[in-house]
Amino acid sequence: MEEKEISKAVIARLPRYYRYLQDLLEEGIERISSNELSKQMQVTASQIRQDLNNFGGFGQQGYGYNVQYLYEEIGKILGLDKEHNIIIVGAGNLGQALANYVEFEKKGLIIKGIFDVNPRLIGNTVRGIEIHMIDEMEDFIRKNRIEIAALTVPKSKAEDMAKLLVQYGVKGIWNFANIDLHTIEGVVVENVHLSESLMRLSYRTSKYIKETESRK
């Protein structure tokens, strides 16, 4: 049977469901209706039901959703029920900040190593994670069964590094370089542009300030 194609918009909302459900669990809430969940997430109850129906629904008429069960099932959909080994390529400020983020391990995303070209960093560690040189990367990836690489290198180096990672067997690239990697075959890419997020915030802030001043 052919697997149903799920829209990117639905997939983009799943991590938010997961995060809100985690908060509900921490509050000791055992079940919740789509209406109650919609008020917290600012998404319509109809949208929530439509999204979850793509994966089987999970709700019961007159009961709503079992929070623990839904949390676990969305975790499985997101692949968080299994461990994924990660490396960080680029040991600059951003790379080190990622290495210091302890929430990854809680989601089953295990940072195994950090790689850089600067020989002065050899043997240094970030939160106990050792920094290696790029020429050690191929052997390290194969021995540690690395599936995902976080790429925090300059954009001039990003495409060549991504192709190298694919050659070494990496299946997913979390790209923080200031360039979109869309043409790399044999790998799944998630492009992250922090500057674009900041510019969107700048736009919304400027708009809000103008609207506030116009009401004075």
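Further up the page is the structure itself.
These lines cover the structure that appears in this document, whether it is placed above or below. (Residues numbered from 1 in each chain as written. Predicted model: local features only at pLDDT ≥ 70, side-chain atom pairs only at ≥ 80, totals over all residues. Heavy atoms only, no water.)

### As for the layout of surface pockets
Moving on, step 1. In this model, the largest pocket occupies a volume close to 2100 Å³.
Moving on, step 2. Along its surface, the largest pocket is lined by 47 residues, and Ile11, Pro15, Leu78, Trp174 and Glu190 are the ones closest to its centre.
Moving on, step 3. For the lining of the largest pocket, the secondary structure elements donating two or more residues are helix 1 (8–26), strand 3 (84–89), helix 6 (103–106), strand 8 (172–175) and strand 9 (188–191).
Moving on, step 4. Considering every element that reaches the lining of the largest pocket, the biggest residue donor is helix 1, with ten residues.
Moving on, step 5. Residues that form the lining of the largest pocket fall into these classes: 26 nonpolar, nine polar and twelve charged. (1 Å grid on protein atoms, 1.4 Å probe; cavity = no way out; pocket = protein on both sides within 12 Å on 5 of 7 lines; lining within 4 Å. Points joined across faces, edges and corners; volume = space filled by probe spheres on them. Helix = DSSP H or I, 4+ residues; strand = E, 2+ residues; numbered from the N terminus. Nonpolar A, V, L, I, M, F, W, Y, C, P; charged D, E, K, R; others polar.)

### Overview of the environment of Ala99
Moving on, step 1. Mapped onto the secondary structure, Ala99 falls in helix 5 (residues 93–99).
Moving on, step 2. Considering only alpha carbons, one finds Ala99 and Ile114, 15 residues apart in sequence, at a separation of 8.0 Å.
Moving on, step 3. When neighbours within four sequence positions are excluded, Ala99 is seen to be in contact with Ile88, Ile111, Ile114, Val126, Arg127 and Ile129. (Contact = heavy atoms within 4.5 Å.)

### Some thoughts on the side chain of Ser34
Moving on, step 1. Looking at the secondary structure, you find Ser34 in helix 2 (residues 34–41).
Moving on, step 2. Within polar-contact distance, the side chain of Ser34 engages the side chain of Arg49 at 2.8 Å.
Moving on, step 3. Each residue touching Ser34, except ones within four places of it in the same chain, is listed here: Ala45, Ile48, Arg49 and Tyr65. (Polar contact = N/O pair within 3.5 Å; in protein donor to acceptor, adjacent residues only side chain to side chain.)

### Overview of helix 3 (residues 45–53)
Moving on, step 1. The set of residues buried in helix 3 consists of Ala45, Ile48, Asp51 and Leu52. Summarising the axial view, the buried residues of helix 3 lie within an arc of 125 degrees, below the 170-degree limit, and thus occupy one face.
Moving on, step 2. In the core, the buried residues of helix 3 are packed alongside helix 1, helix 2, strand 2 (65–66) and helix 4 (67–77). (Buried < 20%, exposed > 50% of the residue type's maximum accessible area, 1.4 Å probe, protein only. Arc of directions from axis to C-beta.)

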